[in-house]
Amino acid sequence: MTDTPLLEVTDLVKHYAVRGGVLRRRIGTVHAVDGVSFSVGKGETLGLVGESGCGKSTVARAVLRLVEPSSGAIKLNGTDITGLSKAEMRPHRRSMQIVFQDPFASLNPRMTAGDIVGEPLSVHGLATGREKQARVAELFAQVGLRPDQMKNYPHQFSGGQRQRICIARALSLGPSLIVCDEPVSALDVSIQAQVINLLIDLQRKHGFSYLFIAHDLAVVAHISHRVAVMYLGRIVEIADKAELFANPRHPYTQALLASVPIADPKAKKLAPMIDGDVPSPINPPPGCAFHTRCRYAMDRCKVERPVLAEAGAKHEVACWLNDGTGRPG
Ligand SMILES: Nc1ncnc2c1ncn2[C@@H]1O[C@H](COP(=O)(O)OP(=O)(O)OP(=O)(O)O)[C@@H](O)[C@H]1O
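Residues numbered from 1 in each chain as written. Predicted model: local features only at pLDDT ≥ 70, side-chain atom pairs only at ≥ 80, totals over all residues.

Its UniProt record, at the heading Subcellular location (unreviewed entry), says of the chain: "Cell inner membrane". On record in UniProt, under Sequence similarities (unreviewed entry), the comment for the chain is "Belongs to the ABC transporter superfamily." (UniProt positions renumbered as here; feature names shortened; annotations may be inferred.)

Listed below in structure tokens is the structure:
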């Protein structure tokens, strides 16, 4: 890892208009992502965790320029890619790849696995004919598939194997960043660890970075070097993995950790599970978005939005209880 981040996201905002009525007038705004900043170092994995609907996928799509941010900046290797045209984005597209949650939905059922993995090589004019076949066979081997499976169609593979095809396709262009959006959530628990271990091995071999998105903290913990916790469009806490697990400062992170099954029965439970549902992102609560579910909420939390502030070495938390004296409670 070096000091220059591979990916730098600054104040990313993505709002969607909610329209209604016959005239499709704007009747509200979904605050899907509401001022998110983070960086991912070279060879590093940043885990992005949070409940469904908190904006994780929107961050992923905005980073890849699959959706246009409302505001904010995204830098890849020091280049601001936020305002680049389609043509200007082309060389950067090779550097950034994505692995989606549902491998079946992201694979063309009418193409063979070999053609799927080789397609990016053709699109970018990098290899044809025998050279392409050899490269695809090599990619198959790297993800633990047999070269003779290149002729098979997606439905002839298991769920875990289909995700391996998606990973091989993502690897084909030699990316520096792979965004993994819930890559194992659709897989059996027994298969999840195999795919995660494959991703870890590939990173060791190739040195690329992952932005790894999941709602399951246990999954994120296994692969990440650092973890960012999202709640209702904002990052509420970010720290090195070991630090976050040993010393969670935000009440929401504490609640998430308390819900992860722990192997040691004597280990202290940090906090009871939080009650209630995530509020609507159409009218997010003022102040700290978590105050409606937080048992430590003070008057200030209801009106003033906390920003990420230092809470220890390489540890930041957005919570008014963070006065440097320890975790709330
Ligand atoms: N195209 C869109 N138009 C309007 N609202 C959207 C759109 N895409 C996402 N949203 C809303 O933005 C919010 C964040 O969605 P997003 O998919 O980023 O969350 P998530 O944390 O990835 O959740 P999940 O894991 O369920 O996908 C949600 O309330 C969602 O309904």
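A. Spatial organisation of the site of the ligand. Y16, A32, S52, S57 and T58 are the nearest of the 13 residues found near the ligand. Looking at the shell around the ligand, the elements with two or more residues in it are β2 (25-41) and α1 (56-63). Here the shell around the ligand takes three residues from α1, the largest share from any one element. When its residues are assigned to classes, the shell around the ligand shows five nonpolar, seven polar and one charged. (Near = placed C-beta within 6 Å. Helix = DSSP H or I, 4+ residues; strand = E, 2+ residues; numbered from the N terminus. Nonpolar A, V, L, I, M, F, W, Y, C, P; charged D, E, K, R; others polar.)

B. Quick peek at the confidence of the model for the chain. When pLDDT is averaged along the chain, the result is 90; 93% of the residues meet or exceed 70. With pLDDT under 50 throughout, residues 267-271 is counted as low confidence; its partners more than four residues away or in other chains account for 11 contacts. Taken as a whole, residues 324-329 scores under 50 in pLDDT and shows eight contacts with residues more than four places along the chain or in a different chain. Here the predicted complex scores 0.91 on pTM and 0.96 on ipTM. (pLDDT = per-residue confidence, 0-100. Contact = placed C-beta atoms within 7 Å.)

C. Representation of the sheet that holds strand β6 (residues 96-99) in the model. Ordered in space as β6-β7-β8-β3-β9-β10-β12-β11, the eight strands form an open sheet in which the pairing is mixed. Bordering the open sheet on either side are β6 and β11 (309-312), each of which pairs with just one other strand. Strand-to-strand twist across the sheet, computed as the mean angle between neighbouring axes with direction ignored, equals 25 degrees. As paired elements, β6 and strand β7 (residues 177-181) share four bridges and run parallel to each other. Of the residues in β7, the one forming a bridge with I98 is V179. Contacts between helix α5 (residues 159-171) and the sheet are confined to β6 and β7, with β6 contributing the most and set at about 175 degrees to the helix. (Pairing = 2+ DSSP bridges. Axes fitted to C-alpha atoms, helices over the stretch in contact; angles between N-to-C directions.)

D. Summary view of the packing of α5 against helix α6 (residues 189-206). Remark: α5 packs on α6, axes separated minimally by 10 Å, with the N-to-C direction vectors making an angle of 20 degrees. Taken together, the axes of α5 and α6 are roughly parallel relative to one another. The interaxial crossing formed by α5 with α6 has right-handed handedness. Each of G159, G160, Q163, R164, I167 and L171 in α5 lies in contact with α6, whose residues at this interface are I191, Q194, V195, L198 and L202. Grouping the constituent residues of the contact of α5 with α6 by class yields six nonpolar, four polar and one charged. (Parallel < 35°, antiparallel > 145°, perpendicular 65-115°, else oblique. Left-handed = near helix turned anticlockwise from the far one by under 90°.)

E. Region of the structure containing helix α3 (residues 113-123). Within α3, burial applies to A113, G114, I116, V117 and G118. Structurally, α3 contributes buried residues whose contacts are with α4 (129-142) and α5. Note on α3: the residue one or two positions beyond its end, G125, has a positive phi of about 60 degrees. (Buried ≥ 20, exposed ≤ 12 C-beta atoms within 10 Å, placed from the backbone.)

F. Looking closely at the UniProt feature "domain: ABC transporter" (unreviewed entry) in the chain. Cross-referencing UniProt, the feature "domain: ABC transporter" (unreviewed entry) maps to residues 7-257 in the present numbering. When the span residues 7-257 is considered, its composition is 37% helix and 29% strand, and the gap between its end C-alpha atoms is 27 Å.

G. Quick look at the environment of Q149. Position of Q149 among the secondary structure elements: in the loop between α4 and α5. Judged by the 16 C-beta atoms lying within 10 Å of it, Q149 falls in the partly exposed class. Counting along the chain gives 35 residues from Q149 to G114, while the straight-line C-alpha distance between them is 7.7 Å. Beyond its immediate stretch of four places on either side in the chain, Q149 contacts A113 and F140.

H. Fine view of the sheet that holds strand β4 (residues 71-76). Reading across the sheet, the four strands line up as β2-β1-β4-β5 and stay open at both edges, with antiparallel pairing between neighbours. With partners counted over all chains shown, the strands left at the sheet margins are β2 and β5 (79-80), one partner each. Together, β1 (5-20), β2 and β4 form the strand contacts of α1, whose direction differs from that of β1 by roughly 115 degrees.

I. Broad picture of the environment of V117. Mapped onto the elements of the fold, V117 is located in helix α3. For V117, a count of 29 C-beta atoms within 10 Å translates into the label buried. When the C-alpha positions of V117 and P281 are compared, they lie 37 Å apart, and in sequence the two are 164 residues distant. Contact partners of V117, with chain neighbours within four places excluded, come to V136, L139, F140, I165, A168, R169 and S172.

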